[in-house]
Structure formats: structure tokens, C-alpha cells
Amino acid sequence: MSLNISIVDDEEMVQWTLKEAMESEGYNVQTFEKGKDFLEYYKEKGSDVVFLDVRLPDCNGLDLLSEIINIDAESIVVIMTAHGDVDTAVTAMKKGAYDYLTKPYSIEEVNLLIKKIIQTNLVKSQLQHYQERVDSHFSQILGENYVIKLLREHIAMAAKSDHTTVLIRGESGTGKELVARQIHLQSSRFNKPFIDINAAAVGGTLLESELFGHEKGAFTDAQKQKKGLFELANGGTLFLDEIGDLDASLQVKLLRVLQERKFRRVGGTTDIHVDVRIISATNANLEEKMKEGVLRKDLFYRLNVFTINLPPLRERKDDIVLLAKSFLDEYRKEFSKEKIIGFSEEALELMQNYDFPGNVRELRNIIERAVLIETSNLIRPVSLPDELRKGDNMIEFIEDRQNDFASDTKENKSDKITSLPDLENEKPWLKAGFNLKDYMDSFEKKIIKEVLEENNGKKLKTAETLGLTRFALRHLLKKHGMDAD
């Protein structure tokens with residue numbers, strides 16, 4: 001596991017010994033002699049685990065511990081104390097330290113502690129993730145449209161029989177995996193694994209090995225025995241997306257699992273029995289594939305016991321506003337942009353008049369982008385993608401963006417920002433080859449670059465200046481091919 005570890009200790013030998021040992025385990029390690037240097041680094045980049053000495057040349061380790069916890073209450077800090085200094089260790093634990101080490105300590109002791117941290121937080125993360133899934137129940141299947149209300153009823157029906165195979169049909173982006181997870185969560189298998197795989201993303205022999213596993217030596221790269229997804233999902237649910245792309249040989253093996261509840265690993269001679277609920281999904285015309293001889297009829301009838309059809313977003317346009325507001329609430333919290341309270345009437349009208357070929361997934365992506373780049377308290381047309389804005393909206397877009405730049409200039413009085421082109425006089429959209437997205441991206445990149453330079457490359461300060469979170473800034477740096485680390 002790639003773990004970012006910071007060692008804060010003024011003893012050079014301690015730094016070197018711990019760094020060598022930890023890096024040999026594959027961890028990323030930074031060392032600091034002074035607490036203030038570390039704190040500046042931690043505010044900017046953070047750290048997964050901090051090994052902190054109590055006695056530092058420029059500050060007290062316990063005071064530094066309090067500052068770390070104030071920055072991030074979930075920080076994992078291991079205090080390093082002198083032999084016999086139990087009172088300090090107890091005080092550190094009360095202040096929020098995860099654990100402590102008493103000097104002298106062995107490398108084995110350190111490695112065991114790191115493994116304990118990883119395991120504890122992995123379990124914590126899994127439990128939190130699972131609890132969020134259970135708590136959400138119906139909340140993620142949003143919509144007041146009649147078809148969506150019927151969909152929720154079908155999900156409940158499918159969940160009651162936890163052996164019946166389910167086929168989910170719908171266009172890309174309509175939420176097929178989400179529906180499959182909801183069926184699993186509402187079934188008696190909810191506390192067992194839910195495993196998903198896209199048949200179109202993994203081909204041929206590799207997919208066979210992924211699904212059914214293999215024995216050591218079954219093929220050239222089979223260095224050891226491997227359990228397949230059917231074994232790993234035993235007792236739970238296996239979701240097979242893009243089932244129409246399964247090749248002929250795998251269709252036979254899958255049919256056997258559905259009929260007999262058993263299979264053999266690749267290269268194996270022993271039957272393995274499993275209790276797995278199969279949910280499959282497709283955006284293809286399976287009836288057409290059967291006529292073409294690409295899909296076995298007997299497999300289709302085995303998969304198509306209970307069918308759920310998901311409507312495209314263009315057929316439930318009355319839910320667009322509800323969905324958009326839900327995604328807005330999600331991303332304004334994630335990007336710390338609570339000042340955005342809603343959508344302008346023009347933005348809502350643009351979304352309601354758009355057909356969304358990418359369906360709900362496309363709408364979600366559009367709202368995420370809009371929240372990232374919006375500078376006012378409402379999502380406006382200026383923050384929506386080019387494909388939603390047509391004809392007359394171009395002038396409105398240019399005027400809105402020019403007003404943004406003018407406002408920034410007045411507030412920040414930055415000579416660099418005023419160097420941006422005069423949109424009204426230059427009218428770049430009249431030039432050959434003009435592309436609005438590229439044009440605006442170039443402005444965005446220029447502003448970020450200049451603010452970074454003004455702040456001497458400090459990303460936390462840059463994010464604050466731009467009114468962004470560190471996460472949002474990192475997203476934009478990555479988008480423009482700039483250093484996001």
C-alpha cells in the first residue's frame with residue numbers, strides 16, 4: 001500500500017534508520033528536523049501517518065500534536081518518547097495521538113505498528129463505506145417521475161427473491177450499477193460481498209481467469225493459485241455489466257454456473273460450489289445479438305428471469321432539476337463552495353432543453369464541473385459546457401465571463417490579471433478556428449499559473465486566493481497538465 005509517512009525528529013540517526021526501513025516496505029517518507037518546517041509542509045500536503053518526537057529543537061512535540069489535530073481531527077500521529085516517560089505517552093494519547101513508541105524500539109515493532117494502522121483504517125473505511133450504502137437505501141434512486149417510482153417498486157420486488165437472476169437494461173449512464181447495488185442492499189445478502197465486473201473491459205482468457213480463477217501453472221503467467229470473482233462473491237452478489245459482450249466459451253461456463261451453481265477454475269479438475277446471486281446489465285439489443293448468433297438463447301433466458309428497464313433522462317425531464325440540485329448539494333460541500341445556493345433560471349432552462357445523451361452520469365459530470373468553475377452564488381450558463389449553450393447564448397457567455405474578470409480586477413487590483421485580452425474589442429470568436437472551450441481553458445490556466453507564482457508555488461495559499469479547496473485546485477492543475485503533487 002502506498003502510504004505517505006512523515007518523521008519529525010532532530011536525531012539524524014533516527015531519521016535515517018526509520019526512513020530506510022519504511023522505504024524498503026514501499027512507503028513514501030519525508031523527514032523533518034524542526035516542528036515548524038513539518039507544520040508548514042503538513043498544511044500544504046498533509047500526511048497519512050506522522051511519527052513525532054516529543055523533544056524538538058524549536059517546539060514541544062505535544063504542542064505540535066495539538067496543532068496537527070486542529071488541522072485534521074482524523075490525523076494519525078505516533079508519539080516517540082524516551083524510555084520510562086509513561087506520563088508523556090498518556091498525555092499524548094489524551095490529546096489525540098494514535099499510539100506511542102518508547103525509545104529504543106526495534107524496526108520490527110515499527111513495521112507491525114504501521115501494518116496495524118493500515119488494517120485498522122482499512123476496516124474503518126470499509127465499515128463507513130458500507131454504512132453509507134445502507135443509510136442511502138433509496139436516496140440515490142432520485143426522481144418523482146412515474147417511471148422512477150415504478151423502478152423503486154421493481155427493485156424491492158427483485159430484492160425479495162435473493163436467488164432470482166436479474167437483467168438490467170438501459171442506455172449508458174442511466175444508473176445500471178446503482179440499481180444492482182440497491183437490489184443487493186435490500187436483499188438478505190446485504191452483509192455479503194457485492195462484486196462488479198465489466199465484461200467489455202476485460203477480454204477473453206483474462207476475463208475467464210477473473211471470473212473463475214485459475215490453478216498454479218494453468219497458463220504461462222499463472223505463478224500461483226488464484227480465486228475468481230465467483231468464489232470471492234460467495235454468499236453475495238456478482239454484477240456482470242455489458243453481458244452482451246461475453247464471448248462464446250465464457251457463455252457456456254456461465255450457463256453452467258447458473259444451472260448447477262458450480263464451476264471449475266482454469267486448469268482445475270475439481271468442482272467448486274457457490275451460492276451467488278447474478279445480476280447482469282446491458283445497453284445492447286440482446287434479441288438482435290441472439291438473431292446474429294452472438295448470444296446463446298439458453299443463456300439469455302437464464303439471465304432474463306426478472307427484467308428492469310431504465311429510462312433515459314430525456315424521457316424523464318421533469319426529474320432534471322431535482323437531480324441537478326442533489327448533485328449541487330453534493331459537490332458544493334465536497335469543494336467547500338457553500339456560497340453557491342442554486343441555479344439561475346437561464347441555466348435551468350438550458351439543462352431542461354438538453355437531451356443528455358450521457359444520461360444521469362453526464363448530468364452529474366456537468367454539475368461537478370460547474371461547481372468547480374462558478375464564481376458567483378448561482379450556477380449560470382457561463383459555467384455549463386459548450387454543448388448546452390447554443391446560438392444567442394454565446395454573447396451572454398462572453399459578457400458574463402468579461403464581467404467576472406472585471407470584478408476580479410477591481411477586488412484584487414492585480415496587474416497580471418488585467419493583462420487578459422479585451423474581449424469586447426478583440427472579439428476572438430470571429431477569428432478562424434475559434435474554440436470556446438480551449439479559449440476559456442487558456443484563461444483558466446493563465447490565472448492559476450500567475451496566482452501560483454505570486455504565492456511562490458504554495459498550493460494551499462493559491463487555493464485560498466482563488467476561492468477553491470485544495471482538492472479543487474489539484475483537479476484543475478491535473479486538468480491543465482500542471483504539477484498537482
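Details of the structure are given in the entry above.
Analysis parameters
- Residues numbered from 1 in each chain as written.
- Predicted model: local features only at pLDDT ≥ 70, side-chain atom pairs only at ≥ 80, totals over all residues.
- Heavy atoms only, no water.
- Patch = residues over 30% accessible without salt bridge, like charges linked within 9 Å, V, L, I, M, F, W, Y side chains within 5 Å.
- Areas by Shrake-Rupley, 256 points an atom, 1.4 Å probe, with all protein chains shown as cover.
- Salt bridge = Lys/Arg side-chain N within 4 Å of Asp/Glu carboxyl O.
- Lys, Arg positive; Asp, Glu negative; His and termini not counted.
- Charge placed at Lys NZ, Arg CZ, Asp CG, Glu CD.
- Helix = DSSP H or I, 4+ residues; strand = E, 2+ residues; numbered from the N terminus.
- Buried < 20%, exposed > 50% of the residue type's maximum accessible area, 1.4 Å probe, protein only.
- Expected span 1.5 Å × (residues − 1).
- Arc of directions from axis to C-beta.
- Contact = heavy atoms within 4.5 Å.
- Polar contact = N/O pair within 3.5 Å; in protein donor to acceptor, adjacent residues only side chain to side chain.
- Pairing = 2+ DSSP bridges.
- Axes fitted to C-alpha atoms, helices over the stretch in contact; angles between N-to-C directions.
- Core = buried A, V, L, I, M, F, W, Y, C linked by side-chain atoms within 4.5 Å.
- Parallel < 35°, antiparallel > 145°, perpendicular 65-115°, else oblique.
- Nonpolar A, V, L, I, M, F, W, Y, C, P; charged D, E, K, R; others polar.

(A) View of a negative patch on the surface. A cluster of like negative charges, contributed by D10, E12, E33 and D37, occupies part of the molecular surface. Secondary-structure assignment places D10 in the loop between β1 (4–8) and α1 (12–24).

(B) Representation of the pattern of salt bridges in the model. Going through the model one piece at a time under the given rule, you end up with 28 salt bridges. D196 is the salt-bridge partner of R181, the closest N and O atoms lying 3.4 Å from each other. Pair noted here: R181 is in helix α7 (residues 176–186) and D196 is in strand β7 (residues 194–198), with a separation of 15 residues, a long-range link. For E231, the salt bridge goes to R265, with nearest N and O atoms at 2.9 Å. Highlighted residues: E231 in helix α9 (residues 229–232) and R265 in the loop between β9 (262–263) and β10 (272–273), separated in sequence by 34 residues. For the residue pair E231 and R265, the accessibility class agrees, reading buried in each case. It is possible to trace a salt-bridge network through shared partners that takes in R256, E260, K262, R264 and D271.

(C) Examining helix α6 (residues 146–160) more closely. The end-to-end C-alpha distance of α6, which contains 15 residues, comes to 22 Å, matching closely the 21 Å that a straight helix rising 1.5 Å per residue would cover. Regarding α6, the residues found buried are I148, L151, R152, I155, A158 and A159. Down the axis of α6, the smallest arc covering the buried residues is 125°, so these residues share one side. Looking at α6, the residues exposed on the side facing more than 90 degrees away from the buried face are Y146 and K160. Buried residues along α6 sit in contact with β6 (166–169), α7, β11 (277–282) and β12 (306–309). Sitting at the head of α6, N145 places a side-chain oxygen 2.8 Å from the backbone nitrogen of V147.

(D) Fine view of the sheet that holds strand β4 (residues 77–81). In space, the five strands of this open sheet follow the order β2-β1-β3-β4-β5, with parallel pairing throughout. Looking at the sheet topology across the chains shown, the edges are occupied by β2 (28–32) and β5 (99–102). Across the sheet, the mean angle from the axis of one strand to that of its neighbour is 20°, orientation sign disregarded. With four bridges joining them, strand β3 (residues 49–53) and β4 adopt parallel strand pairing.

(E) Local environment of the sheet that holds β7. As summarised here, the arrangement of the five strands in space is β7-β8-β11-β6-β12, forming an open sheet in which the pairing is parallel. This sheet does not close on itself; its edge strands, each paired only once, are β7 and β12. Here the strands of the sheet are splayed against their neighbours by 20° on average, with no regard to which way each runs. The sheet contact formed by strand β8 (residues 237–241) and β11 spans four bridges and is parallel. By the bridge assignment, L240 is partnered in β11 with S280. Of the strands in this sheet, β6, β11 and β12 are in contact with α6, which crosses β12 at around 155°.

(F) Quick look at the pairing of β5. Side chains D99 and L101 project from β5 onto a buried face, and the interleaved Y100 and T102 project onto a face without burial. With four bridges connecting them, β4 and β5 associate as parallel partners. By the bridge assignment for β5, M80 is matched with L101.

(G) Quick look at the nonpolar core. If you look at the biggest cluster of nonpolar residues, it comprises 37 residues, and the most contacted ones within it are M351, L363, I367 and L384. Sort the elements by how many residues they give to this core and helix α15 (residues 359–373) lands first, with eight residues. Core analysis: the next-biggest nonpolar cluster, separate from the first, contains 31 residues, L167, L238, F263 and L299 among them.

(H) Seen up close, the packing of helix α2 (residues 35–45) against helix α3 (residues 61–71). Closest axis-to-axis distance for the α2/α3 pair is 11 Å, and the angle between their directions is 5°. By the criterion of interaxial angle, the relationship of α2 to α3 is roughly parallel. Between α2, through G35, F38, L39, Y42 and K43, and α3, the contact on the second element is made entirely by L64, E67, I68 and I71. Of the residues in the contact of α2 with α3, the class split is six nonpolar, one polar and two charged.

(I) Just unusual backbone geometry, in detail. Note the cis peptide between K103 and P104, where omega equals -5°. Even without being a glycine, R261 presents a positive backbone phi close to 60°. By the element assignment, R261 lies in the loop between α10 (248–260) and β9. For N456, which is not a glycine, the phi torsion comes out positive at approximately 55°. With respect to the helices, strands and loops of the structure, N456 is situated in the loop between α18 (436–454) and α19 (459–466).

In short, shape yes, function no, at least from these values alone.
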